[in-house]
Amino acid sequence: MTVLFFRFTLVLYFTGILLSLGYLLRRSEILSKSALAVAGLGFLCHSFALAAQILGSDHVPLVSFHKAMSFFSWSLVLVFLVVATRQGLHILGTFILPLAFLALVSAAVFPVERESLHPFFQTVWVHVTLSMLGTVGFAVAFVAGIMYLMQERLLKSKQFNVLTFKLPPLDFLDTLNQRSILLGFPFLTLGILTGALSAQLTAGSYLSWNPEQTWAVVTWFFYLIVLLGRLTVGWRAKKAAYLTIVGFAGVVLIFLGVVLKGGGLSTSL
Amino acid sequence: MNTVVVGLSHKTAPVELRELLVVPDSRLGEALRRLVSYPGVKEGMLLQTCNRVEVYAVVDQVGTGYASVQDFFVETHLALSAERLLPHLYWSAGDRAISHLFRVSSSLDSMVIGEPQILGQVKDAFEAALTHNTTGVILNKLVKKALSVAKRVRTESRIAENAVSVSYAAVELAKKVFSDLSAKTVLLVGAGEMAKLAAQHLINHGVRQVLITTRDSRRSQIMAQRFQGTSIPFESFRGELGRADILLCSTGASHYLIGQNDVQLAVHKRMNRPIFLIDVSVPRNIDPSVKDVDNAFLFDIDDLEMHIEQNKEERKREAEKAEAIVKEEVGVMLGWLKSLEVTPTIVALRKRADKIIEDELHKALSRLGDLSPEKRSAVEGMASAIVNKLLHGSFVTLKETAQSANGSMYIEAVQRFYDLESSQSLNGTDSVEAAELDRADHHTETGK
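Predicted, not measured: the structure shown is a model, and the values here were computed from it.

What about the pattern of salt bridges?
Consideration 1: Under the criterion given, the structure shown has 29 salt bridges over all chains.
Consideration 2: Salt-bridge contacts for Asp-303 of chain B lead to Lys-158 of chain A; the nearest nitrogen and oxygen are separated by 3.0 Å. A residue pair is termed interchain when its members come from two chains, as with Asp-303 of chain B in helix H12 (residues 301–339) and Lys-158 of chain A in the loop between helix H5 (124–156) and helix H6 (162–166).
Consideration 3: Judged by relative accessible area, Lys-158 of chain A falls into the buried class, the value being 13%.
Consideration 4: When the shortest N-O distance is used, the salt bridge between Arg-152 of chain B and Glu-328 of chain B registers 3.4 Å. Of this pair, Arg-152 of chain B sits in helix H7 (residues 137–156) while Glu-328 of chain B sits in helix H12, and the two are 176 residues apart along the sequence.
Consideration 5: Residue classification places Glu-328 of chain B among the partly exposed positions, given a relative accessible area of 46%.

Okay, here's the thing in structure tokens:
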């Protein structure tokens, strides 16, 4: 049943991507509205699947890579739906939906319900959830950064096309970038703290400087510097866009590294 | 009864001719009254803008109607000889005249497609005709319909969406950099007309803080008063660049007033917050290399013009949608006009009467039970006689007045009194829409 819901979700998200890509090229409100509707439907399916998975199994939630990625994808779509309906920013879907889709596909590629930590450590799911929420913030910042650079380039090159009118104003994107990091950062901080706590309970030390932990701490410092840089020396606009793109690319690489190494997710971020 | 339009526009006549044709307001009443005194002219309206002079009239016969309106043109504009005037006139009748009015009101026939003033001008023309009592049932309906068609075109197509003037294009581009203009500061360098216009547009779109600098400090004081802004000394304005989110430059200087370094410094002071620069001066006053400064967005007059050209193309594409709307509405209007014809009304009234007789007879006869054939035919005869006598007067009046000026009024009245089906199209929604239109925003792009 859960698998069926996941498949539905994938199909719906993919349709949503096609529709929003169509909206990127054509001036048609119907396309953007149907993309939103399809994504909304996909989100419902996804919610059912997640809920069924979490409630149906005896396991604690979100300790496998599969669940964590699925949750990440779900939160991204949630952010998209909220921003698109409240701000009328439908074009966000063109960028966020593919990301959510990829995350969910990667979750499907690793469907093994391999619990990476001993299930009696009930705190682990808190660590994973918080870290994933932090990552959602960075992902949105990443998307805002990409949109910023696109709009910036269009304006600089004085190309006024369909895209210029669909992409939001630069300062809106910059603010979205800043707010996403501001929201993501505390989650990441708490995620790392609870991770350290779990590590203390399992391994007896808060920080063992394994690659995952090291990279998590590096990521944390990176975003701290990005935030401080904005406030003190004006790392905003184009610079902030570049930094958040680099930052998120780094986060993705860490994920890949952890997964390919075969280690569990919950020992890293 | 026929609707005709005779006139000339920017498409058929040069401005030298058009400007000679405008009837001043003081003479408008006389002209309108004279228009409807020509043979065969029942109703008339005179639409004049800087791009067109047109007479819309309801006439008995198309041929004589054209001739009468042409005579009106020639006799109203004695300064012009008929030979000079007539070759520029165009005329249409019936559905084509209706379509023309709808297209004109919807700004599809304008020099700049989608410009908003024409709607107000049609309204003014209509009000003048109403004031001087030269319209009747048909023109009233037609013009109100034209106004509602124009409103529909505006809401259902994007014909008027994008900027087609330089000053407005500046605002449109500013909104691609800043989402909320109200907290932004504009610095106006120089007193060029276009920059002033752009500043006014920006203020209309929420900008509250305006800084002004010109070489002549008295002039900048005056402008500061006009825009409720602050005047700053010209000698030191470069130091204030960092305060400006939007810079509008339009001076007569023959060299660059603002260089790359000035802007670089400003962006630095602004902690990389974007700065939007518009240079409408020719020769340019802002060094074009400013475009290489990160977070500075410079547009010169050519960039704005290019932007406008693209918007115009977009409007032309949207115009196709608008044409379809017009076509549909012309069909509706023709249906209404047809309903005003006398024969169908008489037939409809006759049918309605027969139906009432039949229904009532059925009821009465079933209550009376078995009647002899004679009694039965007497009852039937009485019912028919009452109805026929009652209606006789209406039929006679309708037939007699059908060709008179007020004919359509009587037809409409009969349709309403007897609740005939064809009167469905006469409900009041259109006038409500027209009233809403009165309140519609018509900010101006080009002067009348």
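Still to come is the rest of the account.
Some words on the environment of Phe-172 of chain A
Consideration 1: Tracing the sequence through the fold places Phe-172 of chain A in helix H7 (residues 170–203).
Consideration 2: We classify Phe-172 of chain A as buried; its relative accessible area is 19%.
Consideration 3: Separated by 59 residues in sequence, Phe-172 of chain A and Leu-231 of chain A have C-alpha atoms that sit 17 Å apart.
Consideration 4: In this structure, Phe-172 of chain A is in contact with Gln-87 and Leu-89 of chain A together with Ser-179 of chain B, ignoring residues within four places of it in sequence.

What to know about the packing of helix H4 (residues 92–109) of chain A against H5 of chain A
Residue and element names in this part refer to chain A.
Consideration 1: Remark: H4 packs on H5, axes separated minimally by 10 Å, with the N-to-C direction vectors making an angle of 135°. Judged by the inter-axis angle, H4 sits oblique to H5. Helix-helix and strand crossings are classified by hand; for H4 and H5 the assignment is right-handed. In this structure, H4 uses Leu-92, Phe-95, Ile-96 and Leu-99 to contact H5, whose residues at the interface are Ala-139, Val-140, Phe-142, Val-143, Ile-146, Met-147 and Met-150.

Looking at the interface of chain A and chain B
Consideration 1: The interface of chain A with chain B comprises 25 residues on the first partner and 32 residues on the second.
Consideration 2: Summed over both partners, the interface of chain A with chain B buries about 2,200 Å², with 53% contributed by carbon and sulfur atoms.
Consideration 3: Interface area lost by chain A to chain B is led by Lys-156, Lys-158 and Phe-160 of chain A, which between them contribute 30%.
Consideration 4: Connecting chain A to chain B are two salt bridges.
Consideration 5: One salt bridge connects Lys-238 of chain A with Asp-294 of chain B, and the closest N-O pair in it is separated by 2.9 Å.
Consideration 6: If you look at where chain A meets chain B, you find 15 residue pairs in polar contact (both at pLDDT 80 or more).

What about the domain arrangement of chain B?
Consideration 1: Taken domain by domain, chain B consists of domain 1 (2–156), domain 2 (166–308) and domain 3 (340–417).
Consideration 2: Placing a centre on the C-alpha atoms of domain 1 of chain B and another on those of domain 2 of chain B gives a separation of 43 Å.

So, the packing of helix H1 (residues 2–25) of chain A against H4 of chain A
Residues and elements named next belong to chain A.
Consideration 1: It is the contact of H1 with H4, at a shortest axis distance of 9 Å, that shows an interaxial angle of 155°. One way to sum up the angle between H1 and H4 is to call them roughly antiparallel. Crossing angle aside, the handedness with which H1 passes H4 is left-handed. Together, Phe-6, Thr-9, Leu-10, Tyr-13, Phe-14, Gly-16, Ile-17, Ser-20, Leu-21 and Leu-24 of H1 and Gly-93, Thr-94, Leu-97, Pro-98, Phe-101, Leu-104 and Val-105 of H4 make up the contact between the two elements.

Rules used throughout
Residues numbered from 1 in each chain as written. Chains lettered and ligands numbered in written order. Predicted model: local features only at pLDDT ≥ 70, side-chain atom pairs only at ≥ 80, totals over all residues. Heavy atoms only, no water. Salt bridge = Lys/Arg side-chain N within 4 Å of Asp/Glu carboxyl O. Helix = DSSP H or I, 4+ residues; strand = E, 2+ residues; numbered from the N terminus. Buried < 20%, exposed > 50% of the residue type's maximum accessible area, 1.4 Å probe, protein only. Contact = heavy atoms within 4.5 Å. Axes fitted to C-alpha atoms, helices over the stretch in contact; angles between N-to-C directions. Parallel < 35°, antiparallel > 145°, perpendicular 65-115°, else oblique. Left-handed = near helix turned anticlockwise from the far one by under 90°. Buried area = accessible area lost by both parts, 1.4 Å probe. Polar contact = N/O pair within 3.5 Å; in protein donor to acceptor, adjacent residues only side chain to side chain. Domains from an automatic or database assignment.

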